Every structure is written in C-alpha cells, then in structure tokens.
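Given next are the chains, with one letter for each unit.
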Amino acid sequence: YIPKENSQAFLYLKRILSWQITNKDNAILVVDDSSSARNHVVELLKRRNFTVFTANNGVQALEKLKQQKNIKMVITDLEMPEMDGIELTNEIRKIYSREQLAVIGISGASNGIHSARFIKNGADDFLRKPFCPEEFYCRITQNIESLNNIAKIQHAANTDYLTDLANRRAFFRSAEQRIQGYIKKQVPYCLAMIDIDHFKRINDQYGHDCGDQVLKVLALYMRKHFGSGLTARLGGEEFAILMHGIDTDNLYNKLDDFRREIAIATIPVGEHHLSTSISLGVVFSSHEPLSKQMSEADSALYSAKENGRNQVVV
Ligand code: GH3
Ligand code: MG
Ligand code: MG
Ligand code: MG
Ligand code: MG
C-alpha cells in the first residue's frame, strides 16, 4: 500500500522514515517481567533503529535510568514483581518531568481502569495488549516527537538568537543554581559584566549588520575563553560571565587575558577588519543575592567606562 502523495498517511510515512535515521539518539527502556512480551517490544523498536534497554521490574528500571542518561522514554508493563508499572511511573515522576522523559504504560487487562490509573500517575500514553505494530509505532513516534518539540522550544526560549549564547532569562536561572553550588562547595568564583566600548560607532560607521557580526565574533571569543563557565548575552552589546577558578587572582587574570585578546584582535567583517575593545565590571565570590551582585558588577563596569574603557574593574 503506497499512500497518495501529501495525504496524511503519506506525511506520516515520511516522518517515520526520517525518524529511522535519528532514532539512535532516542533510547527507550522496556520494562516487563515476561521475557516474551519484552522481546516482542524490543524487536519492534529495533526494527526502527531505536537504542533499547530492558528491565524486569520497576526497581531495575529505576537503576537503569540512573545509569543511562540518554533514555527518553519508558515503556512499562503493569503487573510485575517487586515494583509494578503504576508505582514505577509514580517514582519516575518524582525525579523526571514529562519534558524530560515520556512514560507509556502497557497492559493486557481489558479493563479500561488501567489506562486511567497509568495516566493519573503521570504516564503520557497507554497501549492495550495485544496491539498491532502500526498502533505501537504511531504512539511511540507521537510521544518522541512531542519530547523533541519541547526540547526545541526550550532551547529557543533560553538561547540568544544572534550569538547562540544563553539569553538573559537563561543566565539568571542558571546563575542562581551555579552560585548556590559554588557557595556550598566554597569554590572561588566571579560574576563579570561586559560591555563593548563605543559600539555605537561601529554601527554608525559600518552599518548594523557589521555590528551584528562583531557581536557574534565576541561570543565566539567568550566560548573559547570561558568554555566551562556560563556565558550569556544580556541584551544589546552587554554580556555576562559566571565562572569558577583557583582563586581571585586566577579569575582576574582570565578576564584580563580575554580583554587583552579582544583589544588586539582584528575582526573580519565583510571587506573590513575592525578592532574594538571591551570594559568589564567584576564581583568575586559574593554571597549577596544575584540581583545585588549584578548591580555591583554594573557599577564596576560604569567605573571602567569612566576611567577610559578597555579595562577590568573590580
Ligand atoms: P560605551 O562605550 O559607553 O558603552 O558606548 P556604546 O556606544 O557602546 O554604548 P551605547 O549604549 O551608547 O550604544 C550601544 C549601541 O548598541 C546602541 C545600539 O544601537 C547598539 N545595539 C544594541 N543591540 C544591538 C544589536 O543587536 N545589533 C547591533 N548591530 N547593534 C546593537
Ligand atoms: Mg507482567
Ligand atoms: Mg551598553
Ligand atoms: Mg553604554
Ligand atoms: Mg557599549
């Protein structure tokens, strides 16, 4: 049977085929105490190139999830010794949100109450045994697609479109968490705010597109220098870095090396080679709330501008 071009069935088939290529990244955990039922599901998934893990019950499944971080979906039987499918779903939802992991319940019981119990306990979908392969694939594909769409939306919501760095929103969210970690482990860290010097002149002289190109190149330099740190574009020509280091001197030197490299860099933009500089305001290992640290870094940045730009001020 070959569906008519651009019919729903045709588009579905096209999607399935494109999924075959990418399914390797979508690992699925199959949980069932019956080896024949488990093997049947595994067989179906392998035909579509999924990476598959298995477990005999809920306890084993939770162990597997801890070990294999790339699992995106759990397909679980209902009745199993030690921990059944409902309890497993419940435990999973204490750790993983629906955006992180999809759960599909399977049961042979003809009673509709089981699907309701699965869904109420946090499952995303339910399959009644025996199912035909077409239905099975429809449900799997639908749920994986939905997860991937959420991931795309989340990435877009947290990323600066121009530079691909974290955006303001993502910076504030991640910075809070990282700072808590640094304080708890007593790791020296710094928060730096960066502003390009006389950026308006670049726009005025070479045009807005060249200005954009400079922002992109600066972002590349930030990635190169502060790979493990949190780098973000806060807006306009303002950026931020949160990173840890050995001590204050070490952190200061990293920032000043970065400043120096930008000051001597020639940035190719179209037929031009531009040069620019940046000013930085820094706060070290502060226990103040993030908003307070940001305004302190901002004051230091203001001083850097007042003192003649192209410098790091603490
Ligand atoms: P200072 O050294 O005092 O920071 O001077 P400045 O010219 O960099 O600062 P000012 O705040 O006067 O100007 C910032 C300019 O950044 C103005 C604005 O047009 C430009 N800008 C903001 N966002 C973007 C952007 O996304 N792309 C481009 N090309 N320019 C932008
Ligand atoms: Mg069973
Ligand atoms: Mg500015
Ligand atoms: Mg300004
Ligand atoms: Mg500026």
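Look up: the structure comes first, before these words.
Criteria and cut-off values
Residues numbered from 1 in each chain as written. Chains lettered and ligands numbered in written order. Predicted model: local features only at pLDDT ≥ 70, side-chain atom pairs only at ≥ 80, totals over all residues. Helix = DSSP H or I, 4+ residues; strand = E, 2+ residues; numbered from the N terminus. Rg over C-alpha atoms; globule rule 2.2 N^0.38 Å. Buried ≥ 20, exposed ≤ 12 C-beta atoms within 10 Å, placed from the backbone. Contact = placed C-beta atoms within 7 Å. Core = buried A, V, L, I, M, F, W, Y, C linked by C-beta atoms within 7 Å. Near = placed C-beta within 6 Å. Nonpolar A, V, L, I, M, F, W, Y, C, P; charged D, E, K, R; others polar. Pairing = 2+ DSSP bridges. Axes fitted to C-alpha atoms, helices over the stretch in contact; angles between N-to-C directions. Left-handed = near helix turned anticlockwise from the far one by under 90°. Expected span 1.5 Å × (residues − 1).

Student: Tell me about the overall build of the protein, and name the residues and values.
Tutor: The number of helices and strands found in the protein is 11 helices and 12 strands. Relative to the compact-globule value of 20 Å for 314 residues, the protein shows a C-alpha radius of gyration of 26 Å, a clear excess of over 25%. C-alpha extents for the protein along the principal axes are approximately 75 × 50 × 25 Å. Within the protein, the fraction of its 314 residues that count as buried is 30%. Pairs at least 24 apart in sequence give 64% of the contacts found in the protein among residues at least 6 apart.

Student: So what's going on with the nonpolar core? Residues and values would help.
Tutor: C190, A192, I194, A240, L280, V282 and A297 are the most contacted members of the largest nonpolar core, which totals 34 residues. Contributions of two or more residues to this core are made by β6 (189–196), α9 (208–225), β8 (238–244), α10 (248–264), β11 (278–284) and α11 (290–306). A total of seven residues in this core trace back to one element, the largest contributor, which is β6. Sequence-distant contacts of C190, defined by excluding residues within four places in its chain, comprise M243, L251, V282, V283 and F284. With 26 residues, the next largest nonpolar core counts A61, V74, V103 and A123 among its residues.

Student: I'd like a rundown of the site of ligand 1, residues and numbers included.
Tutor: Surveying the vicinity of ligand 1 reveals 15 residues, the closest of which are D197, F199, K200, G211 and G236. Those elements that provide at least two residues to the shell around ligand 1 are β6, α8 (199–206) and α9. A per-element tally of the shell around ligand 1 places α9 first, with four residues. Taken together, the residues of the shell around ligand 1 break down into three nonpolar, five polar and seven charged.

Student: So what's going on with the sheet that holds β6? Residues and values would help.
Tutor: Strand order in this open sheet of five strands is β7-β8-β6-β11-β12, and the pairing throughout is mixed. Only two strands of the sheet have a single neighbouring strand rather than two, namely β7 (230–235) and β12 (312–313). Pairing of β7 with β8, which is carried by five bridges, proceeds in the antiparallel orientation. Bridging across to β8, T231 finds its partner in I241. In the packing of helix α7 (residues 168–185) onto the sheet, the strands contacted are β6, β7 and β8, and the crossing angle to β7 comes to about 140°.

Student: Requested: an account of the sheet that holds strand β5 (residues 125–128), with residues and values cited.
Tutor: The strands making up a sheet are joined through hydrogen bonds of the backbone, oriented either antiparallel or parallel. If you walk across this open sheet you meet the five strands as β2-β1-β3-β4-β5, and the pairing is parallel. Of all the strands in the sheet, the pair left with one neighbour each is β2 (51–55) and β5. Averaged over neighbouring strand pairs, the angle between their axes works out to 20° when direction is ignored. Across five bridges, strand β1 (residues 27–31) lies against β2 in parallel orientation.

Student: Run through the packing of α9 against α10, naming residues and quoting values.
Tutor: Relative orientation of the contacting elements α9 and α10 amounts to 145°, with a least axis distance of 11 Å. Seen from above, α9 lies across α10 with right-handed handedness. Residues L218, Y221 and H225 of α9 touch α10, and the partners they reach there are K254, F258, E261 and I262. Split by residue class, the contact of α9 with α10 holds four nonpolar, one polar and two charged.

Student: Explain unusual backbone geometry residue by residue, including any values.
Tutor: With an omega of -5°, the peptide bond between K129 and P130 qualifies as cis. Within the secondary structure, P130 is located in the loop between β5 and α6 (133–158). Despite not being glycine, E82 shows a phi value in the positive range, around 70°. Looking at the secondary structure, you find E82 in the loop between β3 (71–77) and α4 (85–95). Located in the positive-phi region is R309, a residue other than glycine, with phi close to 70°. Structurally, R309 is set in the loop between α11 and β12. When the 15 C-beta atoms within 10 Å are taken as the criterion, R309 is described as partly exposed.

Student: Mind laying out α9, listing which residues take part and the relevant values?
Tutor: Along its 18 residues, α9 runs 26 Å from first to last C-alpha, staying within 8% of the 26 Å computed at 1.5 Å per residue. Of the positions making up α9, those classed as buried are G211, Q213, V214, L215, L218 and M222.

Student: Provide a residue-level description of the environment of K152, including the pertinent values.
Tutor: Structurally, K152 can be placed in helix α6. The spatial distance from the C-alpha of K152 to the C-alpha of Y189 is 31 Å, given a sequence separation of 37 residues.

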